[in-house]
Amino acid sequence: MMNKTMTLAAIIAAATIGGLSAQPAGAQQGYGQSNEYWYQFQDQNSQGQNSQGQYQQYQDRDAQDQYRGRGRDNRFEEGYKTGYRAGYDTARNRRRYDDRIAGNDRDERWRARYTRAYTYNDDVYYRDCRSSADPAGVIAGALIGGLIGNSVASGGGRGGATVAGVIVGGTLGAAMTRNLNCEDRSYAYKTYYDGFNSGRANSNYQWRNPSNGHYGNFRVVTYANDPDGFRCANYRQEIFIQGRPQTTTGRACQQPDGTWTIVS
């Protein structure tokens, strides 16, 4: 009986000890499982943050590509190209960049820079000499004012090259020709017309009036565009009256209608 009691006690004691020793093992196993779940959560959260960062990078890169015209949406491409080309051409020609919309009013820009536009009615030769002899055919050849050089086609249209006329108007024009009579001016105007429209700097154009021996030469020293994009020419004129030279220098620019007029 005593042996049975001891055996039962031993079994109970062993079971108790085993249960106590098993509890920490179970707790340790549960702790390990919790750690594993925590690490998995951290990994997922980190991956989520990385995904958001990558998404933001893609968004930023796409916005930059759209600005450059390379993204999924190329709605800026044409504007970017147009602005780049306009800026490049403006810098290359040393002009002032005009970012106003295309089709702006050139007449308004001309008046803002040069005060007014001139017509053939302002030309000193047309005003003073249109009823006099015109040996060089200035008026008959329409060298004064307007756009000339167009040959009229059979159907009433125009073809051929367009060449701009000349207007020597205002006080500057009067000073340029004040010592020339009407016949002299007729010959001289032909050199103005040829010189301005030649596009060749430092080419001399000479005239002579056989009736009085007066003569002269005209040349464009340099061509350049003004800050508003109008074509201009710095010129030099020498005339000889009774063998005495008289020199005039100045600047002419093409108005919006294409005519050359003296501006300084």
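Relevant structure appears above.
Overview of the structure.

Scoring rules and cut-offs
- Here the residue numbers are simple positions, counted from 1 along each chain's written sequence.
- Totals for whole chains, interfaces and linings use every residue, but because this is a predicted model, local features are given only for residues with pLDDT of at least 70 and side-chain atom pairs only at 80 or more, for both listing and counting.
- Excluding hydrogens and water, the side-chain figures rest on all heavy atoms present in the structure.
- A run of DSSP states H or I qualifies as a helix once it reaches four residues; a run of E qualifies as a strand once it reaches two. Both are numbered from the N-terminal end.
- Residues are treated as being in contact if the distance between any of their heavy atoms lies within 4.5 Å.
- Values of accessible area rely on a 1.4 Å probe in the Shrake-Rupley scheme; residue burial ignores everything except the protein chains shown.
- A simple rule labels every residue: compare its accessible area, found with a 1.4 Å probe on the protein chains alone, to the largest value its type can have, and call it buried under 20%, exposed over 50%, or partly exposed in between.
- By the convention used here, strands pair only if DSSP detects at least 2 bridges between them.
- What makes a nonpolar core is a set of buried Ala, Val, Leu, Ile, Met, Phe, Trp, Tyr and Cys residues whose side-chain atoms join them at distances within 4.5 Å.
- The span one expects for a helix is its residue count, reduced by one, times 1.5 Å.
- Contacts described as polar in this section are N or O atom pairs within 3.5 Å, which, within protein, must combine one atom able to donate a hydrogen with one able to accept it, while residues neighboring in sequence count only if both atoms come from side chains.

A few points about the overall build of the chain
Along the backbone of the chain there are six helices and 10 strands. For the chain, the proportion of contacts with a sequence separation of at least 24, taken over those separated by at least 6, is 45%. Looking at the chain as shown, the accessible area adds up to about 17100 Å², and 50% of this sits on carbon and sulfur atoms.

What about the pairing of strand S6 (residues 205-208)?
Burial along S6 is one-sided: the face carrying Tyr 205 and Trp 207 is buried and the face carrying Gln 206 and Arg 208 is not. Strand direction decides the pairing type here: S6 and strand S7 (residues 215-225), joined by four bridges, are antiparallel. From the neighbouring strand, Arg 208 faces S7, where its bridge partner is Tyr 215. Counted along the chain from S6 to the antiparallel partner S7, the turn is six residues long, and its residue Gly 213 has a positive phi close to 80°.

Observations concerning unusual backbone geometry
Located in the positive-phi region is Thr 115, a residue other than glycine, with phi close to 75°. Take Thr 115: it is sitting in the loop between helix H3 (106-114) and helix H4 (124-129). You will see that Gln 242, though not glycine, has its phi angle at about 55°, which is positive. In this structure Gln 242 comes out as exposed when scored by relative accessible area, which is 62%.

A look at the nonpolar core
Side chains that are nonpolar tend, in soluble globular proteins, to be buried together. Among the nonpolar cores identified, the biggest contains 28 residues, and Val 168, Tyr 189, Tyr 192, Phe 196 and Trp 260 are the most heavily contacted of them. Those elements that provide at least two residues to this core are H4, helix H6 (182-198), S7, strand S8 (231-241) and strand S10 (260-262). At six residues, the largest contribution of residues to this core is made by H6. Setting aside residues no more than four positions away along its own chain, Val 168 makes contact with Asp 122, Asp 123, Val 124, Gly 173, Met 176, Tyr 189, Tyr 192 and Ile 262.

Let's talk about H6
In this model, H6 (17 residues) spans 24 Å end to end at C-alpha, consistent with the 24 Å of a helix rising 1.5 Å per residue. Counting buried positions along H6 yields 12 of 17 residues, so the element is predominantly enclosed. Looking at H6, one finds that the buried residues are Cys 182, Asp 184, Arg 185, Ser 186, Ala 188, Tyr 189, Thr 191, Tyr 192, Tyr 193, Gly 195, Phe 196 and Ser 198. Its side-chain oxygen 3.1 Å from the backbone nitrogen of Glu 183, Asn 181 forms the N-cap of H6.

Side note on the environment of Tyr 189
Positionally, Tyr 189 belongs in helix H6. Measuring from C-alpha to C-alpha, the distance between Tyr 189 and Ile 167 comes to 9.3 Å, with 22 residues separating the pair along the chain. Discounting chain neighbours no more than four positions away, the residues touching Tyr 189 are Asp 123, Val 124, Tyr 125, Val 138, Leu 143, Ile 144, Val 168 and Thr 177.

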